[in-house]
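Fold and geometry: a report
So you can see what is in the structure, the chains are spelled out below.
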Amino acid sequence: MIGNVPSPINFLAACAWILLGVLSGTMQGLFFHNEDWLGGYGSWQRRMLRLGHISFFGLAFLDLAFLDSVAYLKLTPEAVRWTARLILVGMVSMPSVCYLSAYNKNFRHLFFIPVGSLLFGIGLFIYEAARR
């Protein structure tokens, strides 16, 4: 933590997630022309792969918006630290659970991890912003 700004880990993670979003989209895009790939466009596996792919981008942009807001809102270091950690947990676990669920539907029961961490992180962020 440098002042009220989280460590560079959040910024580096956002950059890495954008790269992973491009790479995962490229890999999946190699097969999109095949209508029957993984059971067709509407199949569980393809839906989970698409969700995992787009979660890389969405969570990277969420993280960048968080980082941009920290200095503007002048949040306490404690609130920023926990929000940053919870966003990182969501960033790592959301695409992981999506891809694992594409492999085996039973992994869908783990979605509470990314969803919970993001809900708590964003909730803490909003609470601290409203308190100031």
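Residues numbered from 1 in each chain as written. Predicted model: local features only at pLDDT ≥ 70, side-chain atom pairs only at ≥ 80, totals over all residues. Heavy atoms only, no water.

1. Describing the overall build of the protein chain
- Scanning the protein chain from terminus to terminus reveals four helices and zero strands.
- When the elements of the protein chain are put in sequence order from the N terminus, they spell out α-α-α-α.
- In terms of overall dimensions, the protein chain has C-alpha extents of about 55 × 25 × 20 Å along its principal axes.
- Excluding contacts between residues fewer than 6 apart, the proportion of contacts in the protein chain whose partners are at least 24 apart in sequence is 75%.
- Working note: accessible area of the protein chain is about 7,800 Å², and carbon and sulfur atoms make up 71% of it. (Helix = DSSP H or I, 4+ residues; strand = E, 2+ residues; numbered from the N terminus. Contact = heavy atoms within 4.5 Å. Areas by Shrake-Rupley, 256 points an atom, 1.4 Å probe, with all protein chains shown as cover.)

2. As for the nonpolar core
- Of all hydrophobic cores here, the largest spans 25 residues; its most connected members are Phe66, Met91, Met94 and Phe111.
- For this core, the elements supplying multiple residues, two or more each, are α1 (8–29), α2 (44–73), α3 (77–103) and α4 (112–131).
- A per-element tally of this core places α2 first, with nine residues.
- Every residue in contact with methionine 91, bar those within four places of it in the chain, is listed here: Ala13, Ala14, Trp17, Leu59, Ala60 and Asp63. (Core = buried A, V, L, I, M, F, W, Y, C linked by side-chain atoms within 4.5 Å. Buried < 20%, exposed > 50% of the residue type's maximum accessible area, 1.4 Å probe, protein only.)

3. Some details on the packing of aromatic side chains
- Summed over all chains, the structure comprises four aromatic pairs.
- For the pair tryptophan 17 and phenylalanine 56, a centre-to-centre distance of 5.7 Å together with 75 degrees between the ring planes defines the contact as edge-to-face. With tryptophan 17 in helix α1 and phenylalanine 56 in helix α2, this residue pair connects regions lying 39 residues apart in the sequence. Of the two residues examined, tryptophan 17 and phenylalanine 56, each falls in the buried class.
- Residues phenylalanine 31 and tryptophan 37 carry aromatic rings whose centres are separated by 5.1 Å and whose planes lie at 20 degrees to one another, so their mutual orientation is stacked.
- Grouped by ring-pair contacts, the aromatic residues Trp17, Phe56 and Tyr99 constitute a single cluster.
- Seen from the ring of tyrosine 41, arginine 50 lies directly overhead, with NZ or CZ sitting 4.0 Å from the centre.
- Geometry around tryptophan 82 places arginine 85 over its ring, the cationic atom sitting 4.9 Å from the centre. (Phe/Tyr/Trp six-rings, centres within 6.5 Å; stacked < 30°, edge-to-face > 60°. Lys NZ or Arg CZ within 6 Å of the ring centre and 35° of its normal.)

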